[in-house]
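Next come the chains, spelled out residue by residue.
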Amino acid sequence: MSLPHAILTALLEKPSSGLELTRRFDRSIGYFWSATHQQIYRELGRLEQAGHIRVLPAPVPVRGQRKEYEVLPAGRAELSAWVGASEDPKPMRAALLLRMRAAAVVGADGLRAELSRHLVLHREQLDEYLEIEDRDFPAERRRTEADRLRHLVLKGGIEMERFWVEWLTGALTELGTE
């Protein structure tokens, strides 16, 4: 996934200012595709230059007024083409796994505490995802394809967190309390 496509998706869901986009990223898209505020603002400029988005005209132009963006037909076409394109899976990059590999060489001082800390964080994230699922995706509200697709994205996050909770629990058990 790329940041421009994430921004186009968010803007098609709801025209927004850069600040609103960064807040929405923090609450939704950011769970699986993170971006800094600077990256989002920089990409908005690129998308505007490419003719994929435009600033909505303000009823009364005021200096310093925040810009609200909407997707143009060329942006929708770009996003549609990207959705239908094939892309091979990318190798997983996880600093924790690299840290464990390094610990095999230099010793595991502090590693168990870090694994335990990660376990707590993944349990918290799993709980948050499950709360979102209960609140936003009860079975009776998954009628449309769009609702089912959004729910499937959340289910992917839930399953990833379940994987990490199970894997970290097993890793801590296997490493014991030496």
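Right, let's walk through the structure included here. None of the values given here were measured: they were computed from a predicted structure. Each chain has its residues counted from 1, following the order in which its sequence is written. Selection of residues for local features in this predicted model requires a pLDDT of at least 70, selection of side-chain atom pairs for listing and counting requires 80 or more, and totals for whole chains, interfaces and linings are taken over all residues. Only hydrogens and water are removed before side-chain values are computed, so all heavy atoms of the structure are retained for them.

Brief notes about the sheet that holds strand S1 (residues 16-17)
(1) Moving on: Here, any two strands with at least 2 DSSP bridges between them count as paired. Where helices and strands are cited, they refer to DSSP runs of H or I of at least four residues and of E of at least two residues respectively, numbered from the N terminus. Read across the sheet, 3 strands follow the order S1-S3-S2 without closing on themselves; strand pairing throughout is antiparallel. Looking along the sheet, the strands with just one partner apiece sit at the ends: S1 and strand S2 (53-55).
(2) Moving on: Bridge analysis of S1 against strand S3 (residues 68-71) gives 2 bridges, and the strand direction is antiparallel. From the neighbouring strand, Ser 16 faces S3, where its bridge partner is Tyr 69.
(3) Moving on: Contacts from helix H1 (residues 3-13) reach S1, S2 and S3 within the one sheet, and its direction differs from that of S3 by about 100 degrees. We call two residues in contact when some of their heavy atoms are within 4.5 Å. To get an axis, fit a line to the C-alpha atoms, keeping to the stretch in contact for a helix; angles then go from 0 to 180 degrees between the N-to-C directions.

Quick notes on H1
(1) Moving on: Burial classes follow relative accessibility: with a 1.4 Å probe on protein chains only, a residue under 20% of its type's maximum area counts as buried, one over 50% as exposed, and anything between as partly exposed. What H1 keeps buried is the set Leu 3, His 5, Ala 6, Ile 7, Leu 8, Ala 10 and Leu 11.
(2) Moving on: Its buried side turned inward, H1 meets S1, helix H2 (18-27), helix H3 (37-49), S2, S3 and helix H4 (73-84).

Description of the pairing of S3
(1) Moving on: Along S3, the buried face is formed by Tyr 69 and Val 71; none of Glu 68 and Glu 70, which line the opposite face, is buried.
(2) Moving on: In this sheet, S3 lies alongside S2 in antiparallel orientation, the contact comprising 3 bridges. Looking at S3, one finds that Val 55 is bridged to Tyr 69.

Some details on the nonpolar core
(1) Moving on: Residues belong to one nonpolar core when they are buried, are Ala, Val, Leu, Ile, Met, Phe, Trp, Tyr or Cys, and are joined through side-chain atoms within 4.5 Å. One finds Ile 7, Leu 11, Leu 21, Phe 25, Ile 40, Leu 44 and Ile 53 to be the most contacted residues of the largest nonpolar core, which totals 17 residues.
(2) Moving on: Counting only elements with at least two residues in this core, the list comes to H1, H2, H3 and S3.
(3) Moving on: Among the elements that line this core, the one with the most residues is H1, at 6 residues.
(4) Moving on: Setting aside anything within four residues of it in sequence, one finds Leu 11 in contact with Ser 16, Leu 21, Leu 44, Ile 53, Tyr 69 and Val 71.
(5) Moving on: Core analysis: the next-biggest nonpolar cluster, separate from the first, contains 15 residues, Leu 111, Ile 132, Phe 137 and Leu 172 among them.

Regarding the side chain of His 52
(1) Moving on: Position of His 52 relative to the elements: it lies in the loop between H3 and S2.
(2) Moving on: Assessed through its relative accessible area of 16%, His 52 is described here as buried.

Description of a negative patch on the surface
(1) Moving on: A contiguous patch of negative charge on the surface is contributed by Glu 124, Asp 127, Glu 128, Glu 131 and Asp 134.
(2) Moving on: Here Glu 131 lies in helix H6 (residues 111-136). Patch rule: a residue counts if its relative accessible area is over 30% and it has no salt bridge; like charges are joined within 9 Å, and nonpolar side chains (Val, Leu, Ile, Met, Phe, Trp, Tyr) within 5 Å. Residue burial considers only the protein chains on display, and all accessible areas are found by Shrake-Rupley using a 1.4 Å probe. By definition, a salt bridge exists where a carboxyl oxygen of Asp or Glu is found within 4 Å of a side-chain nitrogen of Lys or Arg. Just so you know, the count uses Lys and Arg for positive and Asp and Glu for negative, and it drops His and the chain ends. A charge is said to be at NZ when it belongs to Lys, at CZ for Arg, at CG for Asp and at CD for Glu.

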